[in-house]
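Residues per chain, in single letters:
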Amino acid sequence: MDPAIASRLKRNADGLVAAVAQQRGTGEVLMMAWMDDGALQRTLTTRRATYYSRSRAQRWVKGETSGHTQYVHEVRLDCDGDTVLLVVDQVGAACHTGEATCFDADVLLAEAGPPTA
């Protein structure tokens, strides 16, 4: 990985950085996953979203087995260096449950109307 990029990353204790995937054009947040340096480097070079599975302790390419791929248009690093944003074209469901996004299931606080005086 480019040393200039690597030096800006603030990894957690496991050497991972959070990665948020967002749908290009709509801005819809699709999912959150983790990346190690290798996953980020592979994403930057192939434009195929590659993540790190903590439970399997290995990298995985989104859609490699499901066909629900993410083509990466942009990768941005947040101001703290602890999260990357992937702007993607999602093909198929983003969530492993088959939902369009990982944020479809549980609404903890619903959108409210305008405040009343």
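Residues numbered from 1 in each chain as written. Predicted model: local features only at pLDDT ≥ 70, side-chain atom pairs only at ≥ 80, totals over all residues. Heavy atoms only, no water.

### Remarks on the overall build of the chain
Using the following cut-off: Strands here are runs of E lasting at least two residues and helices are runs of H or I lasting at least four, both read from the DSSP assignment and numbered beginning at the N terminus. Summary of the burial criterion: residues with accessible area below 20% of their type's maximum are buried, those above 50% are exposed, and those between are partly exposed, where the area comes from a 1.4 Å probe applied to protein chains only. Here a residue-residue contact requires only that any non-hydrogen atoms of the pair lie within 4.5 Å. Only the protein chains shown count as cover for residues, and the accessible areas themselves come from Shrake-Rupley with a 1.4 Å probe.
Each helix and strand in the chain was counted, giving two helices and six strands. Along the chain, from the amino end to the carboxyl end, the secondary structure elements read α-β-β-α-β-β-β-β. Along the longest, intermediate and shortest principal axes, the C-alpha atoms of the chain span 55 × 35 × 30 Å. Buried positions account for 29% of the 117 residues belonging to the chain. Within the chain, counting contacts between residues at least 6 apart in sequence, those at least 24 apart form 43% of the total. Carbon together with sulfur atoms contributes 51% to the accessible area of the chain, which is approximately 7,400 Å² in total.

### A look at the pattern of salt bridges
Our working definition: Every case where a carboxyl oxygen of Asp or Glu lies within 4 Å of a side-chain nitrogen of Lys or Arg is listed as a salt bridge.
All told, the structure shown has four salt bridges when counted by the stated rule. Taking the shortest distance from any N to any O, the salt bridge between R24 and D89 comes out at 3.2 Å. Here the residue R24 occupies a position in the loop between strand 1 (17–23) and strand 2 (29–35), and D89 occupies one in strand 6 (residues 83–90), the gap between them amounting to 65 residues. We classify R24 as partly exposed; its relative accessible area is 41%. Residue class for D89 comes out partly exposed when judged on its relative accessible area of 23%.

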